[in-house]
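# Observations on chain architecture
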Amino acid sequence: MKLNLTFFLVFSLIIGNHILAQTIQPKYQKEVQELARKPAIKKAFEYIIEIDPVTIQDMITLTEIPTPTFHEKEKGIVYADMLRKAGADSVWTDEVGNVIALRKGTKSDKTIMVDAHLDTVFPFGTDVKVKQRGDTLFAPGITDANRALAVVVALVKTMSSQNIRTESDIWFTGSVGEEGLGDLKGMKHLFREGGQPIASFIAIDGGGLEDIVNGGIGSLRYRVTFKGPGGHSYGAFGIGNPHNALAQAVASFVPKADEFTKEGLKTTYSISVLGGGTSVNSIPFESWMLVDMRSESQEKLKGINQIFLESMQEGLAKENKIIRRGEALTVDIEKVGDRPSGIASPESTLIQQTMAIADYLTGGKKPELSSSSTNSNVAFSKGIPAVTIGRGGIGYGAHSLGEYFINKDGHLAIQQALLLVLMQGGWK
């Protein structure tokens, strides 16, 4: 049967080394078109454009509050106040620091969560003052994720001012611990056993409308510390050397990890940070490293994790075997990060809706599905419908001191979020 390409948008979904053709189902394209043409939605779209200067100012205000991971409290207070003033029905901060704003539904039959994270990767002392040159705003953290926070505020403001209320309750959250060793702390708490049941999850964190994340790259992170008595490099020679044990462990791990990661879904490993020792003429009393391993597949992640743990013990055993005197070395293996992986089917309702909205608002620009490490990882791993959508505009240099944002059609991201919330939350 010959397909009518007027109703189908074909694009590529890249998973590892596999490329699969996907389509946006016509019924979702039709639903988006019908929703966007409703007078109330047209008016809401106009309002989003009208408040755009305020949205930019909100982004600047939030950017200029230093927020290293584990230090989100000050920004959380400001963000909560913005959500109250935007018209949320109630706003509170939970036990771990997540800011939650509720817009009650007409039925309150389920809860939809829309999230942006509060923390950035930059330590205290970083200059986060926003500087403007022409149409470009420069500041560390401006796109990741202060732009997303401002998008959420604008979304709440739009729904409140335009009296748009879904059937389902909507939680608008500013979450903690998304970056680095935060290890998705906020999300893990929100999706904890016994917590509020979440029917679907929408994270705003990324680039353009066409950049749609439907998969979570899982990761395991360790701090490994080899320990010994330490001593003079000449006088204590013959005791165990923690640096030797660490080197043996790495030498054992890398060849096996290399072989393991050559096939299947993309799986990576990195010996990222090393430390230990006091002086050139001393045998160190400890040697430590930070290690990062990632995969789109939970099974592959488990596999490389097993190789890693066995290699650490092998390195320890090799050094202890050649000790001439003194006590045997020990090793502490501390897991400092555990991000689960998962994927949402391209055929699922939430992903189809997201693609159809992106297609509509960009005038047919091909959406791209990908996997990344975002707050959606937790929902993906639990089989809860989830997606990470972009914050709009043009951004570059995330996680760098040269990060910048250009507000080119930035309002489209808020319009995208609005349509998706209405489709997920039920609105007529």
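First, a word on what this report is: a plain description of the structure on this page. (Residues numbered from 1 in each chain as written. Predicted model: local features only at pLDDT ≥ 70, side-chain atom pairs only at ≥ 80, totals over all residues. Heavy atoms only, no water.)

## As for the pairing of strand β4 (residues 99-103)
A large share of β4 lies buried, amounting to 5 of its 5 residues. Of the two faces of β4, the one lined by Val-99, Ala-101 and Arg-103 and the one lined by Ile-100 and Leu-102 are each fully buried. Where strand β3 (residues 90-93) meets β4, 4 bridges bridge the pair, whose relative direction is antiparallel. Within β4, the residue paired with Val-91 across the bridge is Ala-101. (Buried < 20%, exposed > 50% of the residue type's maximum accessible area, 1.4 Å probe, protein only. Helix = DSSP H or I, 4+ residues; strand = E, 2+ residues; numbered from the N terminus. Pairing = 2+ DSSP bridges.)

## Some points on the pattern of salt bridges
Opposite charge on two side chains permits them to pair, given that their charged atoms come into close proximity. Counted according to the given criterion, the structure contains 16 salt bridges. Here Asp-81 makes a salt bridge to Lys-85, at a shortest N to O gap of 3.1 Å. Of this pair, Asp-81 and Lys-85 both sit in helix α4 (residues 73-86), 4 residues apart, which is roughly one turn of that helix. Asp-81 sits in the partly exposed class, given a relative accessible area of 32%. For Asp-338, the salt bridge is made with Lys-335, and the minimal N-O distance between the two is 3.6 Å. Three or more residues are tied together by salt bridges with common partners; here these are Arg-221, Asp-292 and Arg-294. (Salt bridge = Lys/Arg side-chain N within 4 Å of Asp/Glu carboxyl O.)

## Details of the sheet that holds strand β16 (residues 330-339)
As summarised here, the arrangement of the 4 strands in space is β13-β15-β11-β16, forming an open sheet in which the pairing is antiparallel. Two strands in the sheet have a free side with no partner beyond their single neighbour: β13 (267-276) and β16. Between one strand and the next, the sheet's axes are offset by a mean angle of 15°, whatever the strand orientation. When β13 meets strand β15 (residues 286-295), the two strands line up antiparallel, connected through 9 bridges. Looking across to β15, one finds that Ser-270 is bridged to Asp-292. Contacting β11 (218-227), β13, β15 and β16, helix α8 (residues 298-321) runs over the sheet at an angle of about 5° to β11. (Axes fitted to C-alpha atoms, helices over the stretch in contact; angles between N-to-C directions. Contact = heavy atoms within 4.5 Å.)

## Quick notes on the pairing of strand β5 (residues 111-117)
Most of β5 is tucked away: 7 of the 7 residues are buried. With burial as the criterion, each face of β5 is covered, one bearing Thr-111, Met-113, Asp-115 and His-117 and the other bearing Ile-112, Val-114 and Ala-116. Relative to strand β8 (residues 169-175), β5 runs parallel, the two being bridged by 7 bridges. Within β8, the position partnered with Val-114 by the bridge is Phe-172.

## With respect to the packing of α4 against helix α5 (residues 142-161)
Where α4 contacts α5, the axes come no closer than 8 Å and their chain directions differ by 20°. For the element pair α4 / α5, the angle class is roughly parallel. For the pair α4 and α5, the crossing hand works out as right-handed. Each of Lys-75, Tyr-79, Met-82, Leu-83 and Ala-86 in α4 lies in contact with α5, whose residues at this interface are Asn-146, Leu-149, Val-152, Val-153, Val-156, Lys-157 and Ser-160. Residues that form the contact of α4 with α5 fall into these classes: 8 nonpolar, 2 polar and 2 charged. (Parallel < 35°, antiparallel > 145°, perpendicular 65-115°, else oblique. Left-handed = near helix turned anticlockwise from the far one by under 90°. Nonpolar A, V, L, I, M, F, W, Y, C, P; charged D, E, K, R; others polar.)

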